[in-house]
Every structure is written in C-alpha cells, then in structure tokens.
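Residues per chain are reported as follows:
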Amino acid sequence: MSPDGGRDSCRARIAVLDSGVPADWLHRLADFASLCDSDDALDRLGHGGAIIRTLDWYGALAGRELVLIKLFDRRLMTTASRLAMALELLADEPPDWVLVSAGLSRDEPRLAAAVATLVSAGSVVVASSARHGAAVYPASCPGVKAVSGDAGRPPGQCGHDRQGRALACAWAVSEGAWQPWWMGPPPPGDADRTWLAGSSFAAAHALGQWIRGAST
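Residue numbers here run from 1 along each chain, matching the order of that chain's written sequence. Only residues with pLDDT of 70 or above have their local features reported here, since the model is predicted, and side-chain atom pairs are shown and tallied only from 80 upward, although totals for entire chains, interfaces and linings are computed over all residues. Hydrogens and waters are ignored; side-chain quantities use all the structure's heavy atoms.

### Focus on the overall build of the chain
For step 1, the next point in the chain: When its secondary structure is counted, the chain shows 4 helices and 10 strands.
For step 2, the next point in the chain: The way it works is that DSSP assigns letters per residue, a run of H or I at least four long becomes a helix, a run of E at least two long becomes a strand, and they are numbered from the N terminus. Counting helices and strands in the order they occur from the N terminus, the chain gives β-β-α-β-α-β-α-β-β-β-β-β-β-α.
For step 3, the next point in the chain: Categorising residues by exposure relies on relative accessible area from a 1.4 Å probe, with only protein chains included: less than 20% of the type maximum marks a residue as buried, more than 50% marks it as exposed, and the intermediate range marks it as partly exposed. Counting the 216 residues in the chain, one finds 51% classified as buried.
For step 4, the next point in the chain: Residue pairs at least 24 apart in sequence account for 70% of intrachain contacts in the chain once pairs closer than 6 positions are excluded.
For step 5, the next point in the chain: For the area figures, the Shrake-Rupley method with a 1.4 Å probe applies, and any residue is considered shielded solely by the protein chains shown. Just so you have it, the chain exposes about 9800 Å², and 51% of that area is on carbon and sulfur atoms. Residue contacts follow a heavy-atom distance rule, with two residues in contact if any of their heavy atoms lie within 4.5 Å.

Here it is in structure tokens:
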C-alpha cells in the first residue's frame, strides 16, 4: 500500500513550500504565490532548487502540475502565521501532495487548522521533522507524514524509526552535478560545490520515493 493509504496513484498536483525554483524550472510552474519580499519564483538560496531537483531525480514531477508557495527568500526563516497562510492558499484547490520543508517549535492553532483542512480534503502533507529533541510543526500535526534525515542512508531507501517517522537520505547538492550521491559528510577539500543537508531534503527524498512507488 502506498503511504497515502491506497488512493489513486496518478498524482496531478504537487505543492512545494520553499525558497523558490531554479531558473530552468520557472516555466514548469502551474501556479505560484509569494509570501516574502520577493515577488518572483526564482530560488536565490539554493534550498528550494535542491528540493526540486531531488524530487525530479525520482521522477516525481513528471507529468504533474507543480505549485510553489514561496516562504523564504534571503534567509531560511518563516513564522507560524506565514506558514499557515501558505497552507490556506492551497485550500481552494487542494493538491495531491504538499511538501513543507519547515519546522516550527510551537503548535499554533491557525497552523493546525490549515493542516487539518488539507488533510481532510485528501492532501498528503509531508513535512520535515528533527530526528531528536522536541516536536516540530507541522510535522507533528495529526495526519502529517513526518520525515527525519539519516546521514548514512542512501537515496531510494526510505525507512522508519520506532516513533513511526520516516527516515530518508539527508544530503543534497545545490549546484553543479547532481550525481554522485554522497553518504555521510561531504569529502574533505570539495570546495567546488555547496553541500546541503538536513530533514528538508529527507522529506523530499521520501516524497519522491513514495510517488515513484505509487506510480509503478
């Protein structure tokens, strides 16, 4: 059974809440909204671009509409109200999948309500979660699929821990060649690439694997 409980595997719409998309993906956006100072969809941080390329490596975006809600621009920071607003923007046309690469320490009522609306509408909400420590939101909201990073896990081998959270590869490359994958810390002296790591990318790995598995 696929992680959405067996719904139709033909996903039509994927929403990504992040810092934008690479320049070569701008034409692929089916819809876009910005909740930060920048009014364009271009990724200036490298974070959203790495998320998109991770999903694309799995083929998760092929033949599907991509929706971007831009949460970040110059810094990877947001608020509960802004994150709730982003989810509320999706409520009129709930996507099949929603990827949230943000985690907040407080469970705000508005955020919880926005998540509940999408989950009730049938959206599969996937959010990054710290592997250790206090709960983060929306990953800890009911119905959300929480994913934590495992630095020693290669791509395509998503698993689960004893708490029920998914564990997936935590590494990504924000520029240059997407391959080869690297398990563990980046090699010493490799200064030509910007290496990114964390649960944000683990969530993208897990979502990509789930969509690929549901489509086969």
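### A short note on the pairing of strand β3 (residues 65-70)
For step 1, the next point in the chain: Within β3, 5 of the 6 residues are buried, which leaves it mostly tucked inside the rest of the structure.
For step 2, the next point in the chain: By the bridge criterion, 6 bridges tie strand β1 (residues 13-18) to β3 in an arrangement that is parallel. When the bridges of β3 are listed, L17 appears paired with I69.
For step 3, the next point in the chain: Think of it this way: DSSP has to see at least two bridges between two strands before they count as a pair. Relative to β3, strand β2 (residues 29-34) runs parallel, the two sharing 5 bridges. Note that in β3 the partner of F32 across the bridge is L68.
For step 4, the next point in the chain: Crossover handedness is defined here as right-handed if the route from the first strand over the helix to the second strand goes clockwise, with the strands pointing away from the viewer. Between β2 and its parallel partner β3, the chain crosses via helix α1 (residues 47-57), and the hand of that crossover is left-handed.

### Structural notes on the pattern of salt bridges
For step 1, the next point in the chain: Whenever a carboxyl oxygen of Asp or Glu lies within 4 Å of a side-chain nitrogen of Lys or Arg, that contact is scored as a salt bridge. As enumerated under the stated definition, the model contains 13 salt bridges in all.
For step 2, the next point in the chain: A salt bridge links R13 to D31; its shortest N-O distance comes to 3.6 Å. In this pair, R13 sits in strand β1 while D31 sits in strand β2, placing the two residues 18 residues apart along the sequence.
For step 3, the next point in the chain: Classification of R13 by relative accessible area gives buried; the value is 10%.
For step 4, the next point in the chain: When the shortest N-O distance is used, the salt bridge between E65 and R13 registers 2.4 Å. Within this pair, whereas E65 is found in strand β3, its partner R13 is found in strand β1, the two being separated by 52 residues in sequence.

### Here we look at the confidence of the model for the chain
For step 1, the next point in the chain: Model confidence for the chain is summarised by a mean pLDDT of 83, while 83% of its residues fall at 70 or above.
For step 2, the next point in the chain: Scored between 0 and 100, pLDDT is the confidence that the predictor attaches to each residue. With pLDDT under 50 throughout, residues 5-11 is counted as low confidence; its partners more than four residues away or in other chains account for 12 contacts.
For step 3, the next point in the chain: This stretch, residues 176-186, has a pLDDT under 50; its non-local contacts, to residues over four places away or in other chains, come to 25 contacts.

### Notes on helix α4 (residues 199-214)
For step 1, the next point in the chain: Over its 16 residues, α4 extends 22 Å from the first C-alpha to the last, a length consistent with the 22 Å expected when each residue adds 1.5 Å.
For step 2, the next point in the chain: Of all 16 residues in α4, 12 are buried; the element is thus mostly enclosed.
For step 3, the next point in the chain: Every buried residue belonging to α4 is among S200, F201, A202, A203, A204, H205, A206, L207, G208, W210, I211 and A214, and all of these are buried. Residue count minus one, scaled by 1.5 Å, sets the expected span of a helix.

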